[in-house]
Amino acid sequence: MASLRRLAGSLTVSETALMVLVAVILALFAVTLAFSVYAVLLRSRHRRRDRLWEELSARWEAPVLAALVDADQIPAAQACVDEEHRLHFVRFVLEYTRRVRGEERRTLQKLVAPFLDGIAARAQDRRSEVRTRAIQTLGTLGLPKYSAEVLRGLEDPSPLVSMVAARYLARPEFPEFTPIVMKHLDRFEGWNPRFLASMLAKIGPEASSTLRDGLADEATPSWLRAVQAEALRMQLDPVAGDLAAAALPGTEDRDLISALLRLLAAVGRPTHVPIIRELCGSSDIIVRAQALHALGFLSNADDIPLLVAAMDDESPWAALHAARGVREAGGERELAELAESDHPHARLAGQVLFEEGES
Amino acid sequence: MTEIFWSVIQVFNYIVLAYFIVLHAGYLVTSVFAFGALKRYALRMKSLDLTDLITSAWAPPITLIAPAYNEETTCVESVRSLLTLEYPEYDILVVNDGSKDGTVERLTKAFNLYPASRVPTAELGSADVRQVLRSRRHPNLWVIDKENGGKADALNAGLNFCQTPLFCAMDADSLIEPEALIRIVRPFLEDATTIAAGGVLRIANGCVVSQGRVVDVRMPKNFLARLQVLEYLRAFLSGRMGWDALDATLVISGAFGIFKRNVVVDAGGYATDTVGEDMELVVRLHRYCRENDIPYRIHFVPDPVAWTECPESLAVLGRQRDRWQRGLFQSLTRHRKMMFNPKYGRAGVIAYPYFFFLEMLGPVIELLGYVSFTVTILAGRAEWPFVIAFLSGAIILGGALSLSAVALEELSFRRYPRLSDLLQLFALALLENFGYRQLCAWWRLKGTVSAIRGVQGWGHMTRKGFTVEATEVAD
């Protein structure tokens, strides 16, 4: 160290710069070499892995297909799996599981049942991506046996892990998990609301009463109520119309109002029209457009003049919904007259009539 | 006087040296971030069944807006490819931007188009629309036939007719992979504040294309195209992935990016007075959201792929790079308010200055550096060990960056399966430093000068076109 310091002290500025430069070059050369070696090693590892996978797939394909045809063949198929390739086998079967339903799926679940303990251990891995994969596998192949692991996934610090857990728990065949998933919905505030609504709607009627309760409860956060309203719309829940109409007057959140109006458009009744009509004059373009959309579905010929007038709306979306509303309310004649005139909205009327011809 | 001149030259040489080090250090930093991000991404993709995620849940409808100008050689094949995308609900709007060739006629014949009615839902300025056509065979395929106004103008026209919450801006001659939409829409599902996401562009030259799909990935036979393969790997896997990891994405390729329609419309749509409308839009979206307190995220997703045909001649490549540089210059100078401005977050404090000083001014410094070095050497003023060390350092540094991109490709997607491809990429990583890199710097310098002079226009681009059945593309 001392000799290095002496050497540094004896060098001129340009010599020092040169030394630094040479050091940098050598370091970079090492980096370059490292990248090259890394790329080659990766290529080699991937090739080995691909070869192994091809070999294993070829070995397992016939026994797994045989087990699918005849469940008595399950032990024979399981016997083909070496200790060291158990996780590979689960992955192999998982690919098949995505393509089958019903009894065949249950056969595959039985087939991998002895190997899932290794996957359950991976649900505790420090890497969130590995935990996600484990939860996904257990959710597909290991429920209800591994429900404790999947339920624990709902509490996982990674939002992705908890979402994957929720998706596998929120299924019609496991109604017992529905209330638990519902309790964890606040974890998914950042996710796309329609995506969440779709997940909840797929649970089926089992979830409807919880969704209704949440929607009716003003203490529920607005974003969650909007998700619940959307899910009820997707389920076409016949009771939800009254709830939506009751919730509208006290609501200021634009997303919630829009969701409620969409729900009314889907399951509302003529008695809900007055409250919708009020919102057709809203200063908020999105609310106005949704209200016109709902009005078109629920109103009768009495509202056609209002809807025709709304075709003049400054917002093209509101105008489009109004035109569609005219059609839904039975105003084809009015639209046809407009389409054939030189009215500024002749094209809009023509388009909406054309859409009707298509549907 | 002479001594002062040589002192200035010497100082300048040191500035160039510093520039090289900072530039490459910047690249290396983004590569390091990209490395971690890609590794996580690859693991994450293994843990998600995307098709199941999208098809079993609500997938937002998307409108693909494909501006087409004189694309008669490729448009039919490209549209066919778009029609085979795996996505639950999407519209295709091909916007014919006043083509002088038979683009509309070919599309009409191939897809049985007829005049239809479609009312605009936005009022972004664009050249007059002549007619709206729709396919009898594929009801989700529309053609907006309009007067010529440029790519941004065509995108605005498409946006005016877009009726879905998301739209995908693309080139009519790109081939989008079947699963690309499913992959690129993921950030919009996971984070409701996502307003834009960009995908990866790869070079289709040399690849085998069948039924509008790239079925066999190969390195191009043309040397210039090969060099661009490496460039694209570096730009997308090292560069954009790294910027995404830093949450400071400033560029989404105009050939494949997806956006929230209402945010783009509210921000004013595409700027028609720049040739870099793709970058300008992303920079403006940062400004718009920050200035209006709108929570937002802009993502780069590394595996939704669009394949594009790259130039194979120096003349066409030069015009392309000239235009890219003008676009960069126009986008950055227009939004100079963002420079080092913490109000614009990392985009303003890190990404903007990086692009301004290193990407925009870089070619000027680099080329002047070559001149200054040459003058110093010719005048016998150079210290040879220093010059040799510097030049070899620059080459090794350039090589290291390119090799890091190749390693990232190996780590993640491995699209070039042959060992010979890998070896070619290694060789190119070193070869590109001798001539190609300097040529690119020269084109970019010309682009900067053109931008300062206010030159507009795209310049003539020639396409060889995709062939229909399993034959090679443009080689």
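Residues numbered from 1 in each chain as written. Chains lettered and ligands numbered in written order. Predicted model: local features only at pLDDT ≥ 70, side-chain atom pairs only at ≥ 80, totals over all residues. Heavy atoms only, no water.

Our next topic: the overall build of chain A. Looking only at helices and strands, chain A has 21 helices and 0 strands in total. Relative to a compact globule of 359 residues, whose C-alpha radius of gyration would be 21 Å, chain A shows 31 Å and is clearly more extended. Seen through its C-alpha atoms, chain A measures out along the principal axes to roughly 95 × 80 × 45 Å. Put simply, chain A has 359 residues, and 49% of those count as buried. Pairs at least 24 apart in sequence give 62% of the contacts found in chain A among residues at least 6 apart. Per element, the accessible surface of chain A, about 17600 Å² overall, is 56% carbon and sulfur. Side chains of chain A give 42 positive and 49 negative charges; the mean places of these two sets differ by 12 Å. (Helix = DSSP H or I, 4+ residues; strand = E, 2+ residues; numbered from the N terminus. Rg over C-alpha atoms; globule rule 2.2 N^0.38 Å. Buried < 20%, exposed > 50% of the residue type's maximum accessible area, 1.4 Å probe, protein only. Contact = heavy atoms within 4.5 Å. Areas by Shrake-Rupley, 256 points an atom, 1.4 Å probe, with all protein chains shown as cover. Lys, Arg positive; Asp, Glu negative; His and termini not counted. Charge placed at Lys NZ, Arg CZ, Asp CG, Glu CD.)

A word on the overall build of chain B. Helix and strand counts for chain B stand at 16 helices and 13 strands. Here the C-alpha atoms of chain B give a radius of gyration of 23 Å, agreeing with the 23 Å that 2.2 N^0.38 yields for 475 residues. Across its three principal directions, the C-alpha atoms of chain B cover 75 × 50 × 45 Å. When the 475 residues of chain B are sorted by exposure, 64% land in the buried category. The contacts of chain B with a sequence gap of at least 6 include a subset with a gap of at least 24, amounting to 82%. Surface summary for chain B: the accessible area is close to 17300 Å², and the carbon and sulfur share equals 60%. Taken as two groups, the 49 positive and 48 negative side-chain charges of chain B have centres that lie 2 Å from each other.

What you tend to see is this: most non-glycine residues have negative phi, and most peptide bonds are trans. With an omega of 5°, the peptide bond between A:Leu143 and A:Pro144 qualifies as cis. By the element assignment, A:Pro144 lies in the loop between helix H7 (128-141) and helix H8 (147-154). The phi dihedral of B:Asp247 falls on the positive side, at around 55°, and the residue is not glycine.

Time to look at the pattern of salt bridges. Summed over all chains, the structure comprises 48 salt bridges over all chains. Ionic pairing is found between A:Asp237 and A:Arg212, a salt bridge with its closest N-O pair at 2.8 Å. Placement of the pair is A:Asp237 in the loop between helix H13 (222-235) and helix H14 (240-247) and A:Arg212 in helix H12 (residues 205-216), with a sequence separation of 25 residues. Judged by relative accessible area, A:Asp237 falls into the buried class, the value being 5%. Judged by its relative accessible area of 22%, A:Arg212 falls in the partly exposed class. A salt bridge links B:Arg130 to B:Glu147, with the nearest nitrogen and oxygen atoms 3.4 Å apart. (Salt bridge = Lys/Arg side-chain N within 4 Å of Asp/Glu carboxyl O.)

A few words now on helix H11 (residues 193-201) of chain A. With 7 of its 9 residues buried, H11(A) lies for the most part within the structure. Every buried residue of H11(A) is accounted for by A:Phe195, A:Leu196, A:Ala197, A:Ser198, A:Met199, A:Leu200 and A:Ala201.

Domain assignment breaks chain A into domain 1 (51-169), domain 2 (175-249) and domain 3 (269-359). Each of domain 1 of chain A and domain 3 of chain A has a C-alpha centre, and the two are 52 Å apart. (Domains from an automatic or database assignment.)

Right, let's talk about the confidence of the model for chain B for a bit. Overall, the predicted model of chain B reaches an average pLDDT of 87, with 93% of residues at or above 70. When the criterion is pLDDT under 50, residues 467-475 of chain B qualifies, and its contacts beyond four places in sequence or with other chains add up to 39 contacts. (pLDDT = per-residue confidence, 0-100.)

Quick look at the packing of aromatic side chains now. In this description, an aromatic ring pair is defined by two values, namely the gap between the centres and the angle between the planes. This model, assessed by the stated rule, comprises 20 aromatic pairs over all chains. Aromatic side chains A:Phe89 and A:Phe115 sit 5.4 Å apart centroid to centroid with 85° between the ring planes, which places their arrangement in the edge-to-face category. With a gap of 26 residues between them, A:Phe89 in helix H4 (residues 86-97) and A:Phe115 in the loop between helix H5 (102-112) and helix H6 (116-122) connect regions that are remote in the sequence. Each of the two residues, A:Phe89 as well as A:Phe115, counts as buried. In this arrangement the basic side chain of B:Arg118 is found over the ring face of B:Trp142, its NZ or CZ atom lying 4.5 Å from the centre. (Phe/Tyr/Trp six-rings, centres within 6.5 Å; stacked < 30°, edge-to-face > 60°. Lys NZ or Arg CZ within 6 Å of the ring centre and 35° of its normal.)

Together, A:Arg45, A:Arg47, A:Arg48, A:Arg49, A:Arg51, A:Arg91, B:Lys39 and B:Lys46 line one region of the surface with positive charge. When residues of the positive patch are traced back to their parent elements, those giving at least two are helix H2 (13-69) of chain A together with helix H1 (2-46) of chain B. Looking at the positive patch element by element, the count peaks at 5 residues for H2(A). Along the chain, A:Arg51 turns up in helix H2. (Patch = residues over 30% accessible without salt bridge, like charges linked within 9 Å, V, L, I, M, F, W, Y side chains within 5 Å.)

Quick look at the nonpolar core now. Judged by nonpolar contacts, the single largest core of 107 residues is most densely connected at A:Phe89, A:Leu111, A:Met199, A:Leu200 and A:Met311. Examining the composition of this core, we find that 9 residues originate from one element, helix H15 (residues 254-267) of chain A, more than from any other. Ignoring any residue separated from it by four or fewer positions in sequence, one finds A:Leu111 in contact with A:Val64, A:Ala67, A:Ile74, A:Ala77, A:Gln78, A:Phe89 and A:Val93. Among the nonpolar cores identified, the runner-up in size contains 88 residues, and B:Val214, B:Ala255, B:Ala405 and B:Leu425 belong to it. (Core = buried A, V, L, I, M, F, W, Y, C linked by side-chain atoms within 4.5 Å.)

Residue and element names in this part refer to chain A. Structurally, Thr210 can be placed in helix H12. With relative accessibility at 29%, the residue Thr210 sits in the partly exposed group. When the C-alpha atoms of Thr210 and Arg98 are compared, they prove to be 29 Å apart, with 112 residues separating the residues in sequence.

Our next topic: the interface of chain A and chain B. With 50 residues of chain A at the interface, the matching set in chain B holds 56 residues. Carbon and sulfur atoms supply 63% of the area buried between chain A and chain B, which totals about 4700 Å² over both sides. Along the contact surface separating chain A from chain B lie 2 salt bridges. The partner of A:Arg43 in a salt bridge is B:Glu410, with the nearest N and O atoms 2.5 Å apart. Every element with two or more residues in the side of chain A that touches chain B is listed here: H2, H7, helix H9 (159-169), H11, helix H19 (316-328) and helix H21 (346-358) of chain A. In terms of residue count, the dominant contributor to the side of chain A that touches chain B is H2(A) (20 residues). (Buried area = accessible area lost by both parts, 1.4 Å probe.)

Looking now at the pairing of strand S12 (residues 297-308) of chain B. In the case of a regular strand, side chains alternate between the two sheet surfaces. Residue and element names in this part refer to chain B. With 11 of its 12 residues buried, S12 lies for the most part within the structure. Summarising the sheet, strand S7 (residues 175-176) and S12 pair through 2 bridges and their orientation is antiparallel. Opposite Leu175, over in S12, you have Trp307 as the bridge partner. (Pairing = 2+ DSSP bridges.)

All names here are of chain B. A sheet is described by the order of its strands in space; here 10 strands give the open sequence S3-S4-S5-S2-S1-S6-S11-S8-S12-S7, paired in mixed fashion. The open sheet terminates on both sides in strands that have one partner only, identified here as strand S3 (113-115) and S7. Contacting strand S1 (62-68), strand S2 (90-97), strand S5 (141-146), strand S6 (166-170) and S7, helix H3 (residues 75-83) crosses the sheet at an angle of about 165° to S2. (Axes fitted to C-alpha atoms, helices over the stretch in contact; angles between N-to-C directions.)

The next subject is the packing of helix H11 (residues 314-334) of chain B against helix H16 (residues 436-452) of chain B. All names here are of chain B. At their nearest, the axes of H11 and H16 sit 7 Å apart, and the two run at 50° to each other. What the angle tells us is that H11 and H16 run oblique. Judged by the sense of rotation from one axis to the other, the crossing of H11 with H16 is right-handed. Across from Leu314, Leu317, Gly318, Arg321, Asp322, Gln325, Arg326 and Phe329 in H11, the residues of H16 making contact are Tyr436, Leu439, Cys440, Trp443, Arg444, Lys446, Gly447, Thr448, Ser450, Ala451 and Ile452. For the contact of H11 with H16, the residue count by class is 9 nonpolar, 5 polar and 5 charged. (Parallel < 35°, antiparallel > 145°, perpendicular 65-115°, else oblique. Left-handed = near helix turned anticlockwise from the far one by under 90°. Nonpolar A, V, L, I, M, F, W, Y, C, P; charged D, E, K, R; others polar.)

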